[in-house]
Number of protein chains: 2
Amino acid sequence: MEQEHDIRLSLSLEDLGFNAENDSNKRKSSKKYYNEDGTKVFLSKNAGSERKRKQRLNTKLFMLWSLVPMVTNMTKESIFNDAITYIKKLKDEVKSLTQELQAMEPKEKFKERAEPKIEVQVEKMDGNKLWVKMIFENKRGGFKKLMETMNDLGLEMIEANVTTIKGAYLITTFIKGMGGQRLDVHQVKHLLQDIIKII
Amino acid sequence: MEQEHDIRLSLSLEDLGFNAENDSNKRKSSKKYYNEDGTKVFLSKNAGSERKRKQRLNTKLFMLWSLVPMVTNMTKESIFNDAITYIKKLKDEVKSLTQELQAMEPKEKFKERAEPKIEVQVEKMDGNKLWVKMIFENKRGGFKKLMETMNDLGLEMIEANVTTIKGAYLITTFIKGMGGQRLDVHQVKHLLQDIIKII
DNA sequence: ACCCACACGTGAGGC
DNA sequence: TGCCTCACGTGTGGG
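Every value quoted in this text rests on a predicted model; they were computed, and no experiment measured them. (Residues numbered from 1 in each chain as written. Chains lettered and ligands numbered in written order. Predicted model: local features only at pLDDT ≥ 70, side-chain atom pairs only at ≥ 80, totals over all residues. Heavy atoms only, no water.)

The helix and strand tally for chain A stands at six helices and four strands. Walking chain A from its N terminus toward its C terminus, one meets helices and strands in the order α-α-α-α-β-β-α-β-β-α. In chain A, which comprises 199 residues, the proportion classed as buried is 33%. A sequence separation of at least 24 residues applies to 51% of the contacts in chain A between residues at least 6 apart. Summing over all exposed atoms, chain A offers an accessible surface of approximately 13000 Å²; the carbon and sulfur share of this is 52%. (Helix = DSSP H or I, 4+ residues; strand = E, 2+ residues; numbered from the N terminus. Buried < 20%, exposed > 50% of the residue type's maximum accessible area, 1.4 Å probe, protein only. Contact = heavy atoms within 4.5 Å. Areas by Shrake-Rupley, 256 points an atom, 1.4 Å probe, with all protein chains shown as cover.)

Another point: the packing of aromatic side chains. Inspection of every chain in the model, using the stated rule, returns three aromatic pairs over all chains. Plain terms: the ring middles of Phe80(A) and Phe80(B) are 5.8 Å apart, the flat faces sit at 20 degrees to each other, and that makes the pair stacked. With Phe80(A) in helix 3 (residues 76-104) and Phe80(B) in helix 3 (residues 76-103), this residue pair bridges two chains. Neither residue differs from the other here; Phe80(A) and Phe80(B) are each classed as buried. Of note, Lys129(A) hangs over the ring of Phe174(A), and the distance from its end group to the ring centre comes to 5.3 Å. (Phe/Tyr/Trp six-rings, centres within 6.5 Å; stacked < 30°, edge-to-face > 60°. Lys NZ or Arg CZ within 6 Å of the ring centre and 35° of its normal.)

Another point: helix 2 (residues 45-67) of chain B. Along its 23 residues, helix 2 of chain B runs 34 Å from first to last C-alpha, staying within 8% of the 33 Å computed at 1.5 Å per residue. Among the residues making up helix 2 of chain B, those that are buried are Leu57(B), Asn58(B), Thr59(B), Lys60(B), Leu61(B), Phe62(B), Leu64(B) and Leu67(B). (Expected span 1.5 Å × (residues − 1).)

Time to look at the side chain of Glu77(B). One can find Glu77(B) in helix 3. At 3.2 Å, the side chain of Glu77(B) forms a polar contact with the side chain of Lys60(A). For Glu77(B), the contacting residues outside a window of four places in its chain are Arg56(A), Leu57(A) and Lys60(A). (Polar contact = N/O pair within 3.5 Å; in protein donor to acceptor, adjacent residues only side chain to side chain.)

Let's shift gears to the nonpolar core. In terms of nonpolar packing, the biggest core is built from 46 residues, with Leu192(A) and Leu192(B) touching the most fellow members. Apart from the residues lying within four places of it in its own chain, the contact partners of Leu192(B) are Val120(B), Val122(B), Val132(B), Met134(B), Met150(B) and Ile175(B). Formed by 30 residues, the second largest nonpolar core is a distinct cluster that contains Leu61(A), Val68(A), Tyr86(A) and Ile87(A). (Core = buried A, V, L, I, M, F, W, Y, C linked by side-chain atoms within 4.5 Å.)

A few words now on the packing of helix 2 of chain B against helix 3 of chain B. Think of two packed helices as two axes; the pair is described by the angle between the axes and how far apart they sit. All names here are of chain B. For the pair helix 2 and helix 3, the least separation of the axes is 9 Å and the interaxial angle reads 45 degrees. Of the possible angle classes, the one that applies to helix 2 and helix 3 is oblique. The chirality of how helix 2 crosses helix 3 is left-handed. Contacts from Asn58, Leu61, Leu64, Trp65 and Leu67 in helix 2 reach Lys76, Ile79, Phe80, Ala83 and Tyr86 in helix 3. (Axes fitted to C-alpha atoms, helices over the stretch in contact; angles between N-to-C directions. Parallel < 35°, antiparallel > 145°, perpendicular 65-115°, else oblique. Left-handed = near helix turned anticlockwise from the far one by under 90°.)

Comparison of the two chain copies shows a relationship of rotation about an axis with a shift along it. Its rotation angle being 179 degrees, the transformation that places chain A on chain B also includes 0.3 Å of axial translation and leaves an RMSD of 0.8 Å. Taken together, the rotation angle and the small translation identify this as a two-fold axis. Taken as a fraction of all interface residues of chain A, those also at the interface in chain B reach 100%, which identifies the copy contact as same-surface. (Least-squares fit on C-alpha atoms with pLDDT ≥ 70 in both.)

Residue and element names in this part refer to chain A. If you walk through the whole model with that rule in mind, you get eight salt bridges over all chains. Residue Lys54 is joined to Glu50 by a salt bridge in which the shortest nitrogen-to-oxygen separation is 3.5 Å. Of this pair, Lys54 and Glu50 both sit in helix 2 (residues 45-67), separated by four residues, roughly a single helical turn. Exposure remark for Lys54: the relative accessible area of 46% places this residue in the partly exposed category. Judged by relative accessible area, which is 29%, Glu50 ranks as partly exposed. (Salt bridge = Lys/Arg side-chain N within 4 Å of Asp/Glu carboxyl O.)

Here we take up the interface of chain A and chain B. Contact residues are listed per partner, giving 46 residues for chain A and 46 residues for chain B. The interface formed by chain A and chain B includes four salt bridges. Notably, a salt bridge pairs Lys60(A) with Glu77(B), separated by 3.2 Å at the nearest N-O pair. At the junction of chain A and chain B, the tally comes to eight residue pairs in polar contact (both at pLDDT 80 or more). Among the secondary structure elements, those contributing two or more residues to the side of chain A that touches chain B are helix 2, helix 3, helix 4 (106-109), helix 5 (142-152) and strand 3 (155-165) of chain A.

Here the focus is the pairing of strand 1 (residues 119-124) of chain A. Strand direction decides the pairing type here: strand 1 of chain A and strand 2 (residues 130-137) of chain A, joined by six bridges, are antiparallel. When the bridges of strand 2 of chain A are listed, Glu123(A) appears paired with Trp131(A). (Pairing = 2+ DSSP bridges.)

We now examine the confidence of the model for chain A. Residue and element names in this part refer to chain A. Averaged over chain A, the pLDDT score is 72; the fraction of residues at 70 or greater is 65%. The weakest mean pLDDT in chain A belongs to helix 1 (residues 13-16) at 40; the strongest belongs to helix 3 at 90. Taken as a whole, residues 1-30 scores under 50 in pLDDT and shows 26 contacts with residues more than four places along the chain or in a different chain. (pLDDT = per-residue confidence, 0-100.)

What follows concerns the side chain of Thr173(A). In this fold, Thr173(A) is placed in strand 4 (residues 168-177). Excluding its chain neighbours within four sequence positions, the residues that come into contact with Thr173(A) are Leu130(A), Trp131(A), Val132(A), Met157(A), Ile158(A), Glu159(A) and Ala160(A).

So, in structure tokens, the structure goes:
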């Protein structure tokens, strides 16, 4: 009952990193490898390397075990079982995640498209407002993304008149800066052109 | 040199499903378990169960190996190594997929929100057109989703007048069915209410 | 007492 | 030849 209780799998942390070259103490089996006069019993040359090999295998088993979160037992067989079920679980997880990702991927697809024909006209009005007329292809969600982007940029559409001709939006609206910021005509024009391009 | 070459890991498919109870042939070791007179050498009772245990372990090892796609060697140690690296790879994959999923998750979040105050008014016009007035909270992307959904349902917005008062959309538009379908006033009204609710 | 899980040494086969 | 890998039987400790 000294400290011989944890040597079911006779590997510890020492077996992982450093073997510490101690073939010395701590052998589970107290088999008679020594004659009663103290002389060693003959061991085939394999014995040593074979012991090392088994230690390597157990080390690998331990590494495998350390990777698996859900552990039932410390026995070799249950380590295998846990690892197996864990791999299956991980596989399922990857599978479901990928298809879940692909399911919402198409919503991002409209980013990559041929450049639509667009027309942007910007005129300065009184106050700090701009009058804007835009024509661009009627891509699904185009107007929404336009508004989102403009909102992100601090452009507020005050009176928007949206007409959907077949295959195109026609939008006329007033625009003003949200924080009372001054708006430059050409800047806004190019901005809107860029926005519409990436819609 | 008969057929003794594949018994490195002396497990086959038979070890997986059915053990086929054949303790008979095919033992690798030709150790002398029989005396020269043909009588069996004494074996401790452990021998049989221990052999079974090792077969179980090898079976598990084989199952583990069968789960791992990339296999370098058939040796025990490389099976361990492959399984270990494979688990790590799967872990990384799951990790990256989940965070990639979470990165585009927020765009879906506006599905779950408190019910906004809405107002929908529908009037019948000449021909098969309806006049619609809608007021609902100015949630980001609301108008886009409205148009998408209406498009999906075969409702075409002919002349849309969109006004963004602070915190709300005010939309007046004519609507007609895309395929020349007849539109019922109350049906369209409830439809629009439902659409706006889920926006 | 029994059973189980393990490490060990050993002989055999493959490279 | 030698080295590596494996299955086998055995002894041992824990439950």
